[in-house]
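Understanding the architecture of this molecule
So the chains spell out like this:
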Amino acid sequence: MKKIELEIVALSHSITQTHSYAVVLGEVNGLRRLPIVIGGFEAQAIAVALEKMQPSRPLTHDLMKNFMNAFNIELHEVVITDLQEGIFYSKLVCTSDNDTVEIDSRTSDALALAVRFNCPVYTFEHILESAGILMEETSGTKKRKEATVEERGEKNDLKAMSLDELNKMLGEVLEQEDYIKAIAIRDEINSRKKNP
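Residues numbered from 1 in each chain as written. Predicted model: local features only at pLDDT ≥ 70, side-chain atom pairs only at ≥ 80, totals over all residues. Heavy atoms only, no water.

- The name an unreviewed UniProt entry assigns to the chain is DUF151 domain-containing protein, from the organism Paraflavisolibacter caeni.

Structure below.
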């Protein structure tokens, strides 16, 4: 079967499930999107790596990467291999000096490691066909990510806050290790610096 390369195009609150997040994978050089519902901890692990944040202590996926590096094991690629009853199944394709091994993994964990190793993510046509969403070409940039009602409310709340309040809140959420909220606050601070 021919593999199709994907990339992470969005990470947001899940519209369908409360206290869950959705990571949206996009077909490289294509218009299809593959939304995958993941938990909050996994979303945080992906967001931390995407934003190149440096937590004070290594998160679980950072620990895993350090462990693999210590033993000269490279994550070559991640393959989303199956979809059964709404659950995605993935494999980590790892290489060492003299061997290649496929390891079963939850897709959210596989994506968190893929971002850290900067390795490609693949899936197959039948998975994109059954769970993918086709984006219209003309609205590709406009519809990159539609915020949920909750996210729009949170963004409006951030816009109403002063820069001092935002910086204080950023410190608090970083202390609580809520990196997803920290990203939203940091983006608001950065947008104000660009457009004072």
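Picking up where we left off.
1. Regarding helix α3 (residues 107–117)
- When you tally the buried positions in α3, you get 10 out of 11 residues, the bulk of the element.
- Residues of α3 that are buried include every one of Thr-107, Ser-108, Asp-109, Ala-110, Leu-111, Ala-112, Leu-113, Ala-114, Arg-116 and Phe-117, and no others.
- Among the residues trailing α3, Asn-118 stands out with phi positive, at a value near 55 degrees. (Buried < 20%, exposed > 50% of the residue type's maximum accessible area, 1.4 Å probe, protein only. Helix = DSSP H or I, 4+ residues; strand = E, 2+ residues; numbered from the N terminus.)

2. Notes on the pattern of salt bridges
- Taken as a whole and assessed by the stated rule, the structure comprises 6 salt bridges.
- Across the pair Lys-3 and Glu-77 runs a salt bridge whose closest N-O atoms are separated by 2.6 Å. Residue Lys-3 is located in strand β1 (residues 3–13), and its partner Glu-77 is located in strand β4 (residues 74–84); the two are separated by 74 residues in the primary sequence.
- Exposure remark for Lys-3: the relative accessible area of 35% places this residue in the partly exposed category.
- In this structure, Glu-125 and Arg-32 form a salt bridge, with 2.7 Å as the shortest nitrogen-oxygen distance. (Salt bridge = Lys/Arg side-chain N within 4 Å of Asp/Glu carboxyl O.)

3. Examining the packing of aromatic side chains
- Per the stated rule, a full pass over the model turns up 1 aromatic pair.
- Above the ring of Tyr-122, the side-chain terminus of Lys-3 is found at 4.8 Å from the ring centroid.
- The ring of Phe-117 has Lys-65 lying over it, and the distance from NZ or CZ to the ring centre is 5.6 Å. (Phe/Tyr/Trp six-rings, centres within 6.5 Å; stacked < 30°, edge-to-face > 60°. Lys NZ or Arg CZ within 6 Å of the ring centre and 35° of its normal.)

4. Comments concerning unusual backbone geometry
- Its identity is not glycine, yet Asn-29 carries a phi of approximately 60 degrees, on the positive side.
- Residue position: Asn-29 is located in the loop between β2 (21–27) and β3 (32–38).
- Unusually for a residue other than glycine, Asn-72 sits at a positive phi of about 55 degrees.

5. Things to note about the nonpolar core
- Membership of the largest hydrophobic core comes to 28 residues, with the highest contact counts inside it found for Leu-25, Leu-34, Ile-36, Leu-75, Val-78 and Ile-80.
- Breaking this core down by element, the ones donating at least two residues are β1, β2, β3, α1 (40–50), β4, β5 (87–95), α3 and α4 (125–131).
- Of all the elements, α3 adds the most residues to this core, at 6 residues.
- Counting 8 residues, the second largest nonpolar core, distinct from the first, contains Leu-166, Met-169, Val-173 and Ile-185. (Core = buried A, V, L, I, M, F, W, Y, C linked by side-chain atoms within 4.5 Å.)

6. Observations concerning the confidence of the model for the chain
- For the chain, per-residue confidence averages 83 on the pLDDT scale, and 81% of positions sit at 70 or higher.
- Of all the helices and strands in the chain, helix α5 (residues 149–160) carries the lowest mean pLDDT, 58, while strand β7 (residues 121–124) carries the highest, 98.
- Taken as a whole, residues 138–153 scores under 50 in pLDDT and shows 14 contacts with residues more than four places along the chain or in a different chain. (pLDDT = per-residue confidence, 0-100. Contact = heavy atoms within 4.5 Å.)

7. Looking at the side chain of Arg-32
- Relative to the helices and strands, Arg-32 is located in strand β3.
- Here Arg-32 falls in the buried class, since its relative accessible area comes to 18%.

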